[in-house]
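Observations on the three-dimensional arrangement
Each chain, letter by letter, is given below.
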Amino acid sequence: VIKIEDKSFGDPFDGGSFDEMDSSFSDWYRTLNETKEIKKLDLINDKEEVRLLIQGASIILMGLPKKVQRKYSLELEDFQSIRGHGVYMEMTSSRDQNFGMHDLNALAKNNLLELHMSSEAKNRKWIAPPFLPVAGVTFASHLATEMLAGLIQAQAQSRWVSRVASLDEAVQNLLSPLYSKKLRESTQKEFLHNGRYPCYAIYPLKDKGFLAVASVEQKYWDRFCKAFNLNIDQAKRFLNDEKVFSCVAEGIASFNFKEATEICVELDACVS
C-alpha cells in the first residue's frame, strides 16, 4: 500500500490539527501506517510522479473532496487512459457529501449511542463517548470489502469501476441491524452487551484494576463462581437485579489484582 500525502498540508494525525490537541493521534498515525509506503508529494509539481504511481495501482482510494480532485486532476477520468482497468474508490462522510461527519455523529445519527447510555450516565451533565472509534473501524472494514468486490468486478469486465463508500452508510449497513427498529421502539434499553446481566459486566478489584466477566454459559458461570467463592445460583446470572450485581461486586472486591490474575491464568470461564 502506498499512501500519498500532500506535502504542504500533510496528514492531520501527523503533526497536524488533530495531533496538536491530542498527541495520541501521532501514535495512531505511526501504528496504522507502519506497513505502508508514505509518499509526501506536491500534488501540482509532482503530478507526473503521481501518474507513475497510479500506473502500478490496482485500486485508488481517494480521500480528497470533489473540488480538490478537480483542482489537481485526480478524478476518475484522469486515470482511465493510464490503466486498462482498476477500482476508483471515494471515501466520504455521508452519501450526499453535504455535511461533515465524525465517528460520534455517525453513531448518533443511527441511534446507536443510546446503547452507551446507562440510567446513571443520563443524569450526568456530560457523557464521555466510547474510546474506540467504533464507526471508523466499521468504515475501514466496509471499505476493504467494497474495494475487493470492485477489484473482482473490474478484472472480470476489464474496465474501471467507480464506487463511493461513506462512513454513515457503513454504520447503517453493518451496525444498525444489531439495534433494529423493533428494539429501538421498545422500552428495553439495556441488553447483555451493555450491562443488563451480572454475568456480562466489569467489576472493580480490591486494589487496582478490574475483572471483565463474560461467563454467559452455565459451565462458565459455575467455574467463575467456584473460583471466586461466589454462592450465586446459575439462573441468577440472567437476573437484572441490583442485589445480584452487588453480590458479585462485593465478592470480586475481596480479591486484589495479583490474586485475581493468578486465578485467571488457569481459569477457562470467559473471565479476564
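Conventions and cut-offs
- Residues numbered from 1 in each chain as written.
- Predicted model: local features only at pLDDT ≥ 70, side-chain atom pairs only at ≥ 80, totals over all residues.
- Heavy atoms only, no water.
- Helix = DSSP H or I, 4+ residues; strand = E, 2+ residues; numbered from the N terminus.
- Rg over C-alpha atoms; globule rule 2.2 N^0.38 Å.
- Buried < 20%, exposed > 50% of the residue type's maximum accessible area, 1.4 Å probe, protein only.
- Pairing = 2+ DSSP bridges.
- Axes fitted to C-alpha atoms, helices over the stretch in contact; angles between N-to-C directions.
- Contact = heavy atoms within 4.5 Å.

Some words on the overall build of the protein chain
Summing up its helical and strand segments, the protein chain has 11 helices and 7 strands in all. A compact globule built from 272 residues should have a C-alpha radius of gyration of about 19 Å, whereas the protein chain, at 25 Å, is more than 25% larger. Taken along the three principal axes of its C-alpha coordinates, the protein chain extends 70 × 40 × 40 Å. Expressed as a percentage of its 272 residues, the buried residues of the protein chain come to 33%.

Focus: the sheet that holds strand β4 (residues 86-92)
Read across the sheet, 3 strands follow the order β3-β4-β5 without closing on themselves; strand pairing throughout is parallel. The open sheet is flanked by β3 (59-62) and β5 (160-166), the only strands paired with a single partner. Put simply, the sheet's adjacent strands are angled 15° from each other on average, direction ignored. Bridge analysis of β4 against β5 gives 7 bridges, and the strand direction is parallel. Bridge pairing links V87 to V161 in β5. Here helix α7 (residues 167-174) sits on the sheet and contacts β4 and β5; the angle it forms with β5, its principal contact strand, is near 75°.

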